[in-house]
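Coordinate analysis (summary)
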Amino acid sequence: MMEKNASEGPACSPEETASEFAKVPTAEPPGEVAVSESTREEQVPKPQAPAPQAPTASTATKPAPPSEDVPSAPLLLTLEDVSSSSVTVSWEPPERLGRLGLQGYVLELCREGGSEWVPASARPMMVTQQTVRNLALGDKFLLRVSAVSSAGAGPPAMLDQPIHIRENIEAPKIRVPRHLRQTYIRQVGETVNLQIPFQGKPKPQATWTHNGHALDSQRVSMRTGDQDSILFIRSAQRSDSGRYELTVRVEDLEAKAVIDILVIEKPGPPSSIRLLDVWGCNAALQWTPPQDTGNTELLGYMVQKADKKTGQWFTVLERYHPTTCTISDLIIGNSYSFRVFSENLCGLSTSATVTKELAHIQKADIAAKPKGFIERDFSEAPSFTQPLADHTSTPGYSTQLFCSVRASPKPKIIWMKNKMEIQGNPKYRALSEQGVCTLEIRKPSPFDSGVYTCKAINVLGEASVDCRLEVKGESLRMGEQE
């Protein structure tokens with residue numbers, strides 16, 4: 001907002017007088033005035049000025065005093081707002097309104113460099129703020145306002161500086177996508193396509209630089225729209241790496257964004273490798289870093305070994321950072337070759353550096369001296385570690401007798417009932433496994449009651465255990481229930 005001092009006379013056509021404003025046509029609604037195309041082209045006819053009177057001696061030496069009927073100039077003429085199609089000004093009433101009273105104010109415009117003042121309204125308006133609309137972009141004009149009474153218009157108050165109608169300025173801003181806020185990595189041959197949005201009014205002017213220099217139009221192309229700028233490289237090369245700076249300008253305002261691009265490829269193999277030493281089942285290696293790391297840091301080295309017999313390569317170390325290593329657990333009698341790959345973000349080098357000489361793992365001259373071995377005799381006579389236990393059974397329900405025996409060699413097991421062998425009787429089933437002897441009596445009856453014996457016999461001796469089995473009859477069970 002600007003405040004301008006009121007002047008006492010018109011700047012562009014001093015010959016206009018207060019009587020001219022009485023002939024102004026009908027006015028627009030108070031406060032807002034629309035300027036037509038004819039107004040912008042200065043097609044409004046200029047009012048006729050009264051014929052100048054010949055100056056007298058008194059008027060030549062002393063100006064006439066101001067009339068008390070004409071108001072003085074408005075105070076504090078201020079530019080409130082300027083947009084792309086309108087301008088708003090305000091002012092304060094004059095100090096002297098005149099004896100005949102104030103009829104309103106007349107707002108006038110004059111193109112810069114012109115001499116014709118064109119009223120913004122057809123008649124005086126009783127407001128102290130007016131908005132002139134429908135102005136064209138690029139218009140540049142002076143503006144003044146005069147207070148009017150029935151006696152005529154008083155001296156105008158005019159802005160010191162011309163008003164320039166132009167599009168509203170919005171400071172430029174660049175919105176860098178999140179994935180571009182860190183180094184943008186691409187491989188050689190891949191496409192680089194960066195779309196950077198921005199904002200600003202009027203349409204910003206965007207420019208790109210690469211490491212502070214203009215872009216190579218043969219390799220890099222760019223396209224700028226109303227809201228973004230696109231940087232495109234069809235086939236990236238390592239020379240395209242570096243810092244790209246986008247500058248967006250709106251008149252004297254500018255915004256900048258920096259994007260770091262790194263174009264990488266697979267590294268070369270280590271420069272050389274040699275076998276330092278071989279001892280026992282171990283081999284020591286040393287190599288030198290590659291001359292070309294692929295335009296990025298190495299992630300490490302991969303070390304592989306292959307024996308001469310099979311020729312198959314096996315990985316020993318992965319992403320190993322030092323340039324020396326010791327490989328252990330090699331097989332005695334074999335000869336080994338070793339190779340080393342370099343590795344970065346693109347992967348392993350296309351080739352490896354291989355040792356020229358073989359690592360021979362020699363057999364040690366050690367004579368075996370076997371000690372005398374005394375064979376132990378584990379033979380023993382049978383002995384029962386778990387005897388048979390007395391058992392009571394119910395008629396009709398199968399029952400089992402258990403015992404365990406230890407003997408070497410394996411003994412022969414014989415089951416007896418009341419000192420009589422029961423081998424081959426289908427009512428009985430005998431089992432022997434891992435020294436556990438089992439006798440199953442199928443659906444016993446009171447007749448099967450008696451003393452059962454398990455006998456174990458081998459060449460060193462024999463052993464036996466007994467137990468009593470009682471199968472209760474039906475009458476006995478009923479008596480017990482009563």
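Residues numbered from 1 in each chain as written. Predicted model: local features only at pLDDT ≥ 70, side-chain atom pairs only at ≥ 80, totals over all residues. Heavy atoms only, no water.

You'll find the protein chain entered in an unreviewed UniProt entry as Myosin-binding protein H, with Pan paniscus given as the organism. Quoted straight from UniProt, the Sequence similarities (unreviewed entry) entry for the protein chain says "Belongs to the immunoglobulin superfamily. MyBP family." In the Function (unreviewed entry) part of its UniProt record, the protein chain is described as follows: "Binds to myosin; probably involved in interaction with thick myofilaments in the A-band." (UniProt positions renumbered as here; feature names shortened; annotations may be inferred.)

Here four strands make up an open sheet; going across it, the order is β12-β14-β18-β17 and the pairing antiparallel. In this open sheet, the two strands that pair with only one neighbour each are β12 (170–174) and β17 (221–224). Along the sheet, successive strands turn relative to each other by an average axial angle of 15°, direction set aside. Two elements, strand β14 (residues 192–201) and strand β18 (residues 228–233), share six bridges in a ladder whose sense is antiparallel. (Pairing = 2+ DSSP bridges. Helix = DSSP H or I, 4+ residues; strand = E, 2+ residues; numbered from the N terminus. Axes fitted to C-alpha atoms, helices over the stretch in contact; angles between N-to-C directions.)

Bringing the confidence of the model for the protein chain into the picture now. Mean pLDDT for the protein chain: 82, with 83% of residues reaching 70 or above. Counted against residues more than four places away or in other chains, residues 33–65, with its pLDDT under 50, gives 39 contacts. Ignoring residues within four places in sequence, the model shows residues 475–482, a span with pLDDT below 50, making four contacts including any to other chains. (pLDDT = per-residue confidence, 0-100. Contact = heavy atoms within 4.5 Å.)

This part takes up the sheet that holds strand β13 (residues 184–187). With mixed pairing, five strands are arranged side by side in an open sheet as β13-β20-β19-β15-β16. The open sheet has two edge strands, β13 and β16 (213–214), and neither has a second partner. Sheet topology note: the β13/strand β20 (residues 253–264) ladder contains four bridges and is parallel. Residue pairing across strands places Arg 186 opposite Val 263, the latter belonging to β20.

Position of Val 248 among the secondary structure elements: in strand β19 (residues 242–250). On the accessibility criterion, Val 248 (0% relative accessible area) is buried. Measuring from C-alpha to C-alpha, the distance between Val 248 and Gln 205 comes to 5.6 Å, with 43 residues separating the pair along the chain. In this structure, Val 248 is in contact with Pro 172, Ile 174, Phe 198, Pro 204, Gln 205, Ala 206, Leu 253, Glu 254 and Ala 255, ignoring residues within four places of it in sequence. (Buried < 20%, exposed > 50% of the residue type's maximum accessible area, 1.4 Å probe, protein only.)

With that out of the way, let us pick up the pattern of salt bridges. Inspection of the entire model under this criterion finds 15 salt bridges. With a shortest N-O distance of 3.5 Å, Arg 186 and Glu 190 are connected by a salt bridge. Classification of Glu 190 as partly exposed rests on a relative accessible area of 28%. We note a salt bridge from Arg 319 to Glu 343, for which the minimum N-O separation is 3.3 Å. You can see Arg 319 sitting in strand β24 (residues 313–320) and its partner Glu 343 sitting in strand β26 (residues 335–344), a full 24 residues away along the chain. One continuous salt-bridge network, built from bridges that share partners, spans Arg 238, Glu 265 and Asp 292. (Salt bridge = Lys/Arg side-chain N within 4 Å of Asp/Glu carboxyl O.)

A few words now on the pairing of strand β22 (residues 282–287). Residues in a regular strand project their side chains so that they alternate between the two faces of the sheet. With five of six residues buried, β22 is to be regarded as a mostly interior element. Strand direction decides the pairing type here: strand β21 (residues 273–279) and β22, joined by six bridges, are antiparallel. By the bridge assignment, Arg 274 is partnered in β22 with Gln 286. Counted between consecutive antiparallel strands, the loop separating β21 from β22 contains two residues, among which Gly 280 sits at a positive phi close to 55°. With four bridges connecting them, β22 and strand β25 (residues 324–327) associate as antiparallel partners. In the strand pairing of β25, Ala 283 is matched with Ile 327.

What follows covers the packing of aromatic side chains. Applying the stated rule across the entire model yields five aromatic pairs. Geometrically, the ring pair formed by Trp 91 and Tyr 105 is edge-to-face, given 5.4 Å between the ring centres and 65° between the ring planes. Pair noted here: Trp 91 is in strand β4 (residues 87–92) and Tyr 105 is in strand β5 (residues 102–111), with a separation of 14 residues, a long-range link. For Trp 91, a relative accessible area of 2% corresponds to the buried category. Taking the centre distance of 6.5 Å and the plane angle of 25° together, the rings of Tyr 336 and Phe 338 count as stacked. The burial state of Tyr 336 is the same as that of Phe 338; both residues are buried. One aromatic cluster in this structure is built from Trp 287, Tyr 301 and Tyr 320. The aromatic ring of Trp 117 is capped on one face by Arg 144, whose charged end is 4.2 Å from the ring centroid. Positioned above the aromatic ring of Phe 447 is the side chain of Lys 417, whose terminal nitrogen or guanidinium carbon lies 4.7 Å from the ring centre. (Phe/Tyr/Trp six-rings, centres within 6.5 Å; stacked < 30°, edge-to-face > 60°. Lys NZ or Arg CZ within 6 Å of the ring centre and 35° of its normal.)

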